[in-house]
Number of protein chains: 2
Amino acid sequence: MTTERQTTAPTAAQRIVLVDDHAIVRHGLRSILERESDLEVVGEASTAAEAAAVVERTHPSIVLLDLKLSTGADTEGLELCARLTERHPGLAVLVLTTFLDDSLVVEAIRHGARGYVVKDVDTTELLRSIRAVARNESAFDSHAAAAMVRSMRVQPEQPRFTEREVRVLKLLARGLSNRDIGAELYISETTVKFHVRNIMRKMDVGSRAEVVYEASKMGVI
Amino acid sequence: MTTERQTTAPTAAQRIVLVDDHAIVRHGLRSILERESDLEVVGEASTAAEAAAVVERTHPSIVLLDLKLSTGADTEGLELCARLTERHPGLAVLVLTTFLDDSLVVEAIRHGARGYVVKDVDTTELLRSIRAVARNESAFDSHAAAAMVRSMRVQPEQPRFTEREVRVLKLLARGLSNRDIGAELYISETTVKFHVRNIMRKMDVGSRAEVVYEASKMGVI
DNA sequence: GGTCTCCCCGTCCGAATGGACAGGTGCCGC
DNA sequence: GCGGCACCTGTCCATTCGGACGGGGAGACC
């Protein structure tokens with residue numbers, strides 16, 4: 001267990017594909033990995049579609065994946081992660097991303113990722129993580145691990161809103177009056193008050209100003 | 001003007017220092033720049049203090065600077081930028097950062113930066129930008145340029161609040177009622193209404209819910 | 001002294017809000 | 001069909017809020 005972790009492994013080198021929309025980062029990773037004799041970069045991709053094709057062609061054992069691809073939606077990276085791990089069960093996907101979002105860590109794991117490392121890490125820790133996922137282990141840097149722990153905690157369960165309530169909430173969060181919301185949604189002011197009351201009940205707050213505050217914390221705005 | 005932009009310049013190579021807290025990014029930049037005969041990386045730094053020392057020692061002509069250094073505060077990168085350009089008037093600082101913040105573009109320029117490029121750019125555009133700032137020109141990628149234009153527009157000048165109004169605004173932004181704000185600040189509810197009215201007048205809004213919305217946009221919360 | 005800003009406090013009133021009660025409609029699953 | 005859910009609408013009432021008037025005091029600046 002201790003001896004098998006030598007840099008110059010007797011087995012074949014790990015075949016790695018880099019997926020990142022930043023050319024700079026891809027270059028950086030390549031130059032870091034090229035110095036390691038047990039690691040070999042066999043492909044690069046900057047988009048999800050490209051990544052799928054490259055993996056199909058090169059059959060790597062490891063994919064270093066930045067969830068944040070050019071489109072801006074994290075979901076694209078997550079879906080790519082799911083697709084890759086489904087089609088290639090043995091494939092180790094190590095998420096390597098810039099920012100740390102608690103929910104994103106969990107989502108990444110749910111979508112088949114084997115590790116999560118932020119780009120802040122130094123090269124030795126990065127290499128350690130790569131070799132860990134290559135051995136079918138998991139790898140998290142300390143920040144990502146903390147995020148995992150946080151998201152494990154049972155939270156005061158975010159209230160669920162109906163479709164209509166969400167529409168009202170968004171307008172309410174922008175400071176509109178009941179009358180204006182009604183005009184916007186083509187419903188009576190009375191109905192707006194009905195929804196606002198339900199929203200406040202679900203949020204457990206006592207004024208519309210508080211609703212706006214909570215909504216801003218939730219990112220509704 | 002067209003002929004002098006050849007890659008293999010007859011003059012001495014540009015001496016470049018990389019400042020970025022991400023080792024991966026530094027490696028990437030180095031590997032990109034090392035292929036160019038007119039560009040030479042003479043130093044790297046991951047912190048502001050380190051950067052100041054390296055620049056002092058190596059006397060580069062160009063600094064590629066990521067404003068976001070490890071501490072998390074953008075101000076550190078800005079201050080470093082100001083310090084470098086003050087002490088070395090000829091030095092060209094090209095800000096190379098991950099995310100685009102309209103105000104940050106302007107601030108960077110104010111602090112002496114000669115260009116602003118997000119890391120999304122491909123290598124050719126990055127090299128073009130580097131060579132531009134080396135020629136005492138400016139360089140902005142399209143996104144940063146758009147941010148500049150946006151921030152050029154005369155804005156409805158953010159209202160200035162008195163100290164007392166700020167206190168009230170913060171509590172108001174958390175959804176508290178006038179009575180509760182009064183209790184919190186040991187003043188009468190009437191006085192709170194006085195301040196709230198002034199706040200709403202300055203913000204040009206008509207309800208406290210709107211105040212909360214605006215405050216959340218302003219980052220008061 | 002005069003002027004200014006900021007802060008404090010009051011009254012009065014119309015409008016908006018918070019909260020309760022009592023309905024009606026349409027859709028879905030059992 | 002029947003219950004449950006989401007959605008819509010109404011009335012009634014107490015409280016709060018928004019906005020208008022008024023006033024006073026402390027400190028800074030000229």
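Below is a short write-up of the structure.

Conventions we followed
Residues numbered from 1 in each chain as written. Chains lettered and ligands numbered in written order. Predicted model: local features only at pLDDT ≥ 70, side-chain atom pairs only at ≥ 80, totals over all residues. Heavy atoms only, no water. 1 Å grid on protein atoms, 1.4 Å probe; cavity = no way out; pocket = protein on both sides within 12 Å on 5 of 7 lines; lining within 4 Å. Points joined across faces, edges and corners; volume = space filled by probe spheres on them. Nonpolar A, V, L, I, M, F, W, Y, C, P; charged D, E, K, R; others polar. Buried < 20%, exposed > 50% of the residue type's maximum accessible area, 1.4 Å probe, protein only. Helix = DSSP H or I, 4+ residues; strand = E, 2+ residues; numbered from the N terminus. Arc of directions from axis to C-beta. Pairing = 2+ DSSP bridges. Contact = heavy atoms within 4.5 Å. Axes fitted to C-alpha atoms, helices over the stretch in contact; angles between N-to-C directions. Near = heavy atom within 4 Å. Polar contact = N/O pair within 3.5 Å; in protein donor to acceptor, adjacent residues only side chain to side chain.

Each pocket or cavity is described by its volume, and for the largest pocket that value is around 470 Å³. Lining the largest pocket are 23 residues, and of these F99 and D120 of chain A together with D21, H22 and K68 of chain B lie nearest its centre. Here the residues of the lining of the largest pocket sort into seven nonpolar, nine polar and seven charged. Around the second largest pocket, the lining comprises 23 residues; the ones closest to its centre are H22 and K68 of chain A together with T98, F99 and D120 of chain B.

To continue, consider helix α8 (residues 178-185) of chain A. Residues and elements named next belong to chain A. All of the buried residues in α8 are N178, I181, G182 and L185. What you see down the axis of α8 is that its buried residues fit within an arc of 100°, all on one side. Turned more than 90 degrees from where α8 packs its buried face, R179 and A183 sit exposed.

Residue and element names in this part refer to chain A. The parallel open sheet is built from six strands, whose spatial order is β2-β1-β3-β4-β5-β6. Edge positions in the open sheet fall to β2 (39-45) and β6 (139-140), since each of these has one partner strand only. Sheet analysis places strand β1 (residues 14-19) next to strand β3 (residues 62-65), joined by four bridges and oriented parallel. For V19, the partnering residue across the bridge sits in β3 and is L65. Sheet contacts for helix α1 (residues 23-33): β1, β2, β3 and β4 (92-97); angle to β2, the most-contacted strand, approximately 165°.

What follows is about the protein's contact with DNA strand C. Around DNA strand C, the structure places 18 residues, and the nearest of them are R208 of chain A together with T162, R164, S188 and T191 of chain B. Among atoms of DNA strand C positioned within 4 Å of the protein, sugar and phosphate together represent 70%. The side chain of K193 of chain A places a nitrogen or oxygen atom 3.2 Å from a base oxygen of DNA strand C. Note that a phosphate oxygen of DNA strand C is positioned 2.8 Å from one of the backbone N or O atoms of R164 of chain B. Where the surface near DNA strand C is concerned, the elements lending two or more residues are α8 and α9 (189-203) of chain A together with α7 (163-172) and α9 (189-203) of chain B. It is α9 of chain B that provides the largest number of residues to the surface near DNA strand C, a total of four residues. Residue composition of the surface near DNA strand C, by class: three nonpolar, nine polar and six charged.

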